[in-house]
Amino acid sequence: MRTGKPHKVSLKVLADSLELSPATVSLVMNRSAVADSIPESTKERIFAAARKFNYRPNFFARSLRAQRSFTIGVIVPEVSDGYASLVMSGIEDLLLREGYFYFVASHRHRIDLIDEYPRLLLGRSVDGLIAVDTPWAHDALPVPVVTISGHIERRGVTNVVLDHDRAARLALEHLVNLGHRRVAFIKGQEFSSDTEVRWNAVQKAAARLRLEVDAKLTIQLEGDLASPQLGYAVTRKILARREPFTALFAFNDISAIGAIRALRENGLRVPKDVSVIGFDDIQSAAFQNPALTTVRQPLQQMGKIAAETLLRRITRPGQGSKVGQITVKPEIVLRESTAPPPTREPRSWRKR
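All residue numbers here refer to positions counted from 1 along the written sequence of the relevant chain. The predicted nature of this model means local features are confined to residues of pLDDT at least 70 and side-chain atom pairs, given and counted, to a pLDDT of 80 or more, with totals for whole chains, interfaces and linings taken over all residues. Hydrogens and water are ignored here; the side-chain numbers use all heavy atoms of the structure.

Cis geometry is found at the peptide bond from V270 to P271, where omega equals 10 degrees. N289 connects to P290 through a cis peptide bond whose omega is 5 degrees. Following the sequence through the fold, P290 ends up in the loop between β9 (275-280) and β10 (293-296). Positive phi is not limited to glycine here, since R210 has a value of about 55 degrees. Along the chain, R210 turns up in the loop between α8 (195-208) and β7 (218-220). Non-glycine residue D281 carries a positive phi angle of around 65 degrees. A run of H or I in DSSP becomes a helix once it reaches four residues, and a run of E becomes a strand once it reaches two; helices and strands are each numbered from the N terminus. By the element assignment, D281 lies in the loop between β9 and β10.

Spelled out as structure tokens, the structure:
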């Protein structure tokens, strides 16, 4: 009986089995930029054979040759909420496919951690940084940086952002076309990178549609938990003001889910009495009761674009690595939580 470790297949043995040169196999396995010219069918054959023979390239030799660590640092507010997890899935898919390792650091909106994490990750020799929904105050770091929803111009930083003007227009046009004129708004927390940009977009879209943004029907999320509890709490505060409304536009899907609970507890049916529209299109949005109408932010795509952009800047610093902004388009997803306003004011409002 054979014992011990399985025989390690060499690069030459793998190349001979494929009838390819060791140089070609090495370029593909090490994700070299030169490998872009190799046909996809050939790459697939090489990776399939590597899996079959359990071949692993020498990571340390690869790092020494390229003078890179093949490691990326990713900074996020937290990894548990729907927004960050979807963005991370796009980042992970791309980095894993390209053979990169990554560190993830969550700062929970603490300014000291936001300031310190880039230095800590640089101390671990990362080749680049991706910051998700994180205020970015660092100029010209020694590695490329890509932010998602950063909204601040910095030297050496590429920012991947959503077209918030289009997003606000899609949501409010949908509500106005249904017949809504009294709309309540839940703004994002002060610390969120998207809050100010999105709120400005909402106000511009409302002005174009001649839709009043009533201060008594506007409230801001408080707290840093990614929980429906936050939307539930602020919706109860709006209801306590006794100002009737027929629709509610929430900062994100998580807060919209909490808002629906608060509306129901106050005797208001969704969408018969009050329509609710969210933002992001997290995975659970389609499975709520009612299924949530929302503005879809292509979060996985944004994560993938950020990772692709970063790796391109790392591997080809002089080619196609223009620092600036990449804008992605949202779309509206119509489900069951929006409908025309009621023809008569619900009794729940009249009781107030």
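The next thing to look at is helix α6 (residues 111-122). Buried within α6 are the following residues: L113, I114, Y117, P118 and L121. The buried side chains of α6 occupy one side of the element, clustering within an arc of 135 degrees when seen end-on. Contacts between residues were defined by any pair of non-hydrogen atoms, one from each residue, lying within 4.5 Å. Against the buried residues of α6 lie β1 (71-76), β2 (101-106) and β3 (128-132). Accessibility here uses a 1.4 Å probe with only protein chains present; expressed as a share of the type maximum, an area under 20% marks a residue as buried, one over 50% as exposed, and anything in between as partly exposed. To be clear, the arc concerns the directions from the helix axis to the C-beta atoms.

Moving on, we come to the pattern of salt bridges. We define a salt bridge as a side-chain nitrogen of Lys or Arg found within 4 Å of a carboxyl oxygen belonging to Asp or Glu. Summed over the entire model, instances satisfying the criterion amount to 20 salt bridges. Two residues, D194 and R198, come together in a salt bridge whose shortest N-O distance is 3.3 Å. Classification of D194 by relative accessible area gives buried; the value is 2%. R198 gets classed as buried once you look at its relative accessible area, which sits at 6%.

Side-chain atoms within 4.5 Å link the members of a nonpolar core, which is a set of buried Ala, Val, Leu, Ile, Met, Phe, Trp, Tyr and Cys residues. By size, the foremost hydrophobic cluster in this structure holds 74 residues, and its most contacted members are I72, I91, I148 and F245. Leave out the neighbours within four places in its chain, and F245 touches R182, A184, L217, I238, L239, L263, D273, V274 and W349. Counting residues in hydrophobic clusters, the runner-up holds 13 residues, among them V9, V25, A35 and I38.

With 6 of 6 residues buried, strand β5 (residues 157-162) lies mostly within the body of the structure. Neither face of β5 is open: one carries V157, N159 and V161, the other T158, V160 and L162, and all of them are buried. Strand pairing is assigned whenever DSSP detects at least two bridges linking the two strands. In the sheet, strand β4 (residues 145-148) pairs with β5 via 4 bridges, with the strands oriented parallel. Paired with V145 across the bridge in β5 is V157. Examined bridge by bridge, β5 and strand β11 (residues 325-328) share 4 bridges and lie parallel to one another. In the sheet register, V161 faces β11, and the bridge partner there is T327.

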